[in-house]
Amino acid sequence: MKSRSDSDQRNEAGAWVLPHFPRLRDLFEHSDRENPKNYFNVDFLLPLLEDERRFAKIDSASWEVLRDKAVPYVSIDDPQRNYQQLWNILDEARGYNFLADQGYDRIEFIKPGKSKKRGKRLPDLIGHKTGSTAVLEVKTINESCDNLAKDASWRNEAVTVPQNLSEALTHKISATIEDAKIQLESYSYPTDRKIVFLVIRFDHGQKTGWHLYSKLKDFIATQAKGGIEVFHEPLL
């Protein structure tokens, strides 16, 4: 049997994405389509329909900002974390949808840059509605390096579900919120809400312990300080 060429596989990837996922198609078409490491040229199993629906809620101008930010990472396949950098950026769509669900009807991605306050980074999003202006920073907390290691215990042993959140995770959450707070406070225009939106991907073992989701919610509630609101979305 004749094996498929790389070009054939790329064409098949495009043919599959084109009719079903217009926003992901747009991302693919703006990326380096000939790169064999292009995300859309490899085998992947992800709930793309759910992702496409999330992207479809973004207005066209805002999608272009997010797309252009993500394009350089479409072909970056990290040896350990694969395409995590790409999805860290695309997770910002979750923050956009959160603001929309909060009733904000004019939402924009803030183009990457530095603020006038000592060169600090800006937050990801700003939303406007009658009587309120909010800035929001999306932060993704991914699986630990130990969890992703080739010799991680869960790959060969039964998973032990811990009773509590790991100290490493709670420390990472606190540090991430503090980093986001700096970005939110660097925004120099008037706002009445400053929001940190965390996307959290548990390690194996923690993600199967449903009691830990409640503990996570309680812990994050303790982190909302100094006028900073913190919301989160845990992912399986």
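Here, the structure is the one placed above.
Here the structure is a predicted model, which means the values were calculated and not measured.

Draft legend 1. Spotlight on the overall build of the protein chain. Counting secondary structure elements, the protein chain contains nine helices and five strands. Each helix (α) and strand (β) of the protein chain, taken in turn from the N terminus, gives the series α-α-α-α-α-α-β-β-β-α-α-β-α-β. Within the protein chain, counting contacts between residues at least 6 apart in sequence, those at least 24 apart form 69% of the total. Looking at the protein chain as shown, the accessible area adds up to about 13,300 Å², and 50% of this sits on carbon and sulfur atoms.

Draft legend 2. Representation of the nonpolar core in the model. Ranked by internal contacts, the top residues of the largest apolar core, which has 33 residues, are Leu86 and Leu99. Every element with two or more residues in this core is listed here: helix H2 (22–30), helix H3 (48–56), helix H4 (60–70), helix H5 (84–90), helix H6 (92–101), strand S1 (106–109), strand S3 (132–141) and strand S4 (193–201). If you look at the next biggest cluster of nonpolar residues, it comprises 22 residues, including Val196, Leu198, Tyr213 and Ile228.

Draft legend 3. How the structure looks around the side chain of Arg193. Mapped onto the elements of the fold, Arg193 is located in strand S4. In this structure the side chain of Arg193 is engaged in a polar contact, spanning 2.7 Å, whose partner is the side chain of Glu229. For Arg193, the contacting residues outside a window of four places in its chain are Gln102, Tyr104, Ser132, Thr133, Ala134, Val135, Glu229 and Phe231.

Criteria and thresholds
- Residues numbered from 1 in each chain as written.
- Predicted model: local features only at pLDDT ≥ 70, side-chain atom pairs only at ≥ 80, totals over all residues.
- Heavy atoms only, no water.
- Helix = DSSP H or I, 4+ residues; strand = E, 2+ residues; numbered from the N terminus.
- Contact = heavy atoms within 4.5 Å.
- Areas by Shrake-Rupley, 256 points an atom, 1.4 Å probe, with all protein chains shown as cover.
- Core = buried A, V, L, I, M, F, W, Y, C linked by side-chain atoms within 4.5 Å.
- Buried < 20%, exposed > 50% of the residue type's maximum accessible area, 1.4 Å probe, protein only.
- Polar contact = N/O pair within 3.5 Å; in protein donor to acceptor, adjacent residues only side chain to side chain.

Geometric values such as these leave the question of function open.
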